[in-house]
Amino acid sequence: MQEFSYIARNAAGERLAGTLVASSRQEAVSMLAGRALYPIEVEVRSEPRWRGWGRRRPRAQQIAVLYGQLADLLRSGVPLLRSLEVLQRQTTNPRLKLTIEELRARVEEGASLADAMARDVRVFGEMAVSMVRAGGEGGFLEESLDRVAEFTEKQDDLRSRVAGALAYPAILAVVGTSIVTVLMIFFVPQFAELFSQLRQSGHLPFLTDWLLWLSDALRQWGWLLLALLVAAVGLARAKLATEAGQRWRDRMKLKLPVAGGIFLNLAVARFCRVLGTLLRNGVPILKALEISSDATGNRMLAAAVCEAAENISAGERLAAPLMACGHFPIAVIEMIAVAEESNTLERVLVEIADGLERRTWRQLDLLVRLLEPFMLLIMAAVVLAVVIALLLPMIRMSSTI
């Protein structure tokens, strides 16, 4: 059952609003008619909660498989409603099963596949909805579903490769920090009493004295430092949640010495792939630019794309405003300009995305390969500094004896 909010008029023409519970929108309209009300607007007020354990939404890989299977069934002549029923019955994942069930219910009420997907845009995405709508209106729904499945798989694969590449350096950072913290809090204080006489006489090496002071500070004020760190992280997250904070973060990401180029290439690749895929599926260019601007994941690039859309609506081409923003690589701009001249923009955009992703992956792989030994060297240097700081007084004491 779902809760619906409605706006309706009674026999006297008065405007009424309220809520009711029904299994479908059609049933809600029938219930209003039974109350002698003429519905003006009936919308779902609260979507049903996900059931079961696991992720709140189905994984991208599962959604991609759903697109591909639905395209195969439709291509084989199976009606849409029957295809969704078959997919719902054969799906074992509870989250995906519930998603297909809701999709089938909306189609059964009379909605098109794109409209049914748009009701759950957090799962399917605006790009997929637009491509499916274009395919349904243009008579190539199966092809659109196949392309959405291919795009979803590629994007999920790219995210997985990036996350996998950064996992090992992240683990090294966590383990190294933990080891140094344990050494400073529990191991180093054991030598404080041993070195007390050298400290009083002024013969304690500076490195050892500094290490003992830092260890003592961590033991006494570590909780305060941890609280300040948590507060700083919370304040930073709250600041970055604002529009100004997000713009500052996106601007800084592009200005980072080495990683900035990787962030830029990934954002441009996402933009080119989404825009090329949408244009290939018959989505108008202004609508395609609106969707692809959000797909960049960077507000600086999104603003440049929105400005380009305004220029295109005035009759200009795409390449000039993208070059004026100063963020897009010159090579990409040149390829877009040539593609506009030869009327092959949708194909060239996808090729640009493929090339950028390959180049970015090579850069990321090289960066991770350099980052791993660099972090190991930092860990070794910190541990070595602790060991030397503890050995120097012992060497001085033995030489004195």
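Residues numbered from 1 in each chain as written. Predicted model: local features only at pLDDT ≥ 70, side-chain atom pairs only at ≥ 80, totals over all residues. Heavy atoms only, no water.

1. Digging into the overall build of the chain
The number of helices and strands found in the chain is 17 helices and three strands. Along the first, second and third principal axes, the C-alpha atoms of the chain reach 105 × 60 × 45 Å. Within the chain, the proportion of its 401 residues that are buried is 36%. For the chain, the accessible area works out to roughly 22,800 Å², and carbon and sulfur atoms hold 60% of it. Of the side chains in the chain, 46 bear a positive and 42 a negative charge, and the two mean positions are spaced by 5 Å. (Helix = DSSP H or I, 4+ residues; strand = E, 2+ residues; numbered from the N terminus. Buried < 20%, exposed > 50% of the residue type's maximum accessible area, 1.4 Å probe, protein only. Areas by Shrake-Rupley, 256 points an atom, 1.4 Å probe, with all protein chains shown as cover. Lys, Arg positive; Asp, Glu negative; His and termini not counted. Charge placed at Lys NZ, Arg CZ, Asp CG, Glu CD.)

2. With respect to the environment of Leu371
Looking at where Leu371 falls in the secondary structure, it is placed in helix 17 (residues 345-400). Residue classification places Leu371 among the partly exposed residues on the basis of a relative accessible area of 29%. A C-alpha to C-alpha distance of 6.9 Å links Leu371 and Pro169, two positions 202 residues apart in sequence.

3. What to know about helix 12 (residues 259-280)
Given 3.6 residues to a turn, an α-helix orients residues that are three or four positions apart in the same direction. Between its first and last C-alpha atoms helix 12 spans 31 Å; for 22 residues at 1.5 Å apiece the expected length is 32 Å, and the two agree. Here helix 12 lies mainly inside the structure; 17 of its 22 residues are buried. A positive phi of about 85° marks Gly282, the residue just after helix 12. (Expected span 1.5 Å × (residues − 1).)

4. Let's talk about the packing of aromatic side chains
Two aromatic rings, taken as a pair, are described by how far apart their centres are and by the angle between their planes. Applying the stated criterion across every chain yields a total of two aromatic pairs. Both rings, one in Tyr67 and one in Phe124, keep their centres 6.4 Å apart while their planes meet at 45°; by these two values the pair is tilted. Placement of the pair is Tyr67 in helix 2 (residues 60-75) and Phe124 in helix 6 (residues 121-124), with a sequence separation of 57 residues. On the basis of relative accessibility, which here comes to 7%, the residue Phe124 falls in the buried class. Judged by centre distance (5.6 Å) and plane angle (70°), the rings of Phe271 and Phe328 are edge-to-face. Here Phe271, found in helix 12, pairs with Phe328, found in the loop between helix 15 (319-325) and helix 16 (330-342); they are 57 residues apart in sequence, far enough to count as distant. One cation-aromatic arrangement involves Lys253 over Phe263; the distance from NZ or CZ to the ring centre is 5.0 Å. (Phe/Tyr/Trp six-rings, centres within 6.5 Å; stacked < 30°, edge-to-face > 60°. Lys NZ or Arg CZ within 6 Å of the ring centre and 35° of its normal.)

5. Observations concerning unusual backbone geometry
In this structure, Asn343 takes a positive phi of about 60° despite not being glycine. Mapped onto the secondary structure, Asn343 falls in the loop between helix 16 and helix 17. Given the relative accessible area of 66%, Asn343 is considered exposed.

6. Thoughts on the nonpolar core
Tyr67, Met117, Leu145, Leu318, Leu322, Phe328 and Ile336 are the most contacted members of the largest nonpolar core, which totals 64 residues. At 10 residues, helix 12 tops the list of elements feeding residues into this core. Once you skip the residues sitting within four places of it in the chain, Ile336 turns out to touch Leu318, Ala319, Leu322, Leu345, Leu349 and Ile352. If you look at the next biggest cluster of nonpolar residues, it comprises 10 residues, including Phe195, Leu204, Leu212 and Leu390. (Core = buried A, V, L, I, M, F, W, Y, C linked by side-chain atoms within 4.5 Å. Contact = heavy atoms within 4.5 Å.)

Shape is all these values report; function is a separate question.
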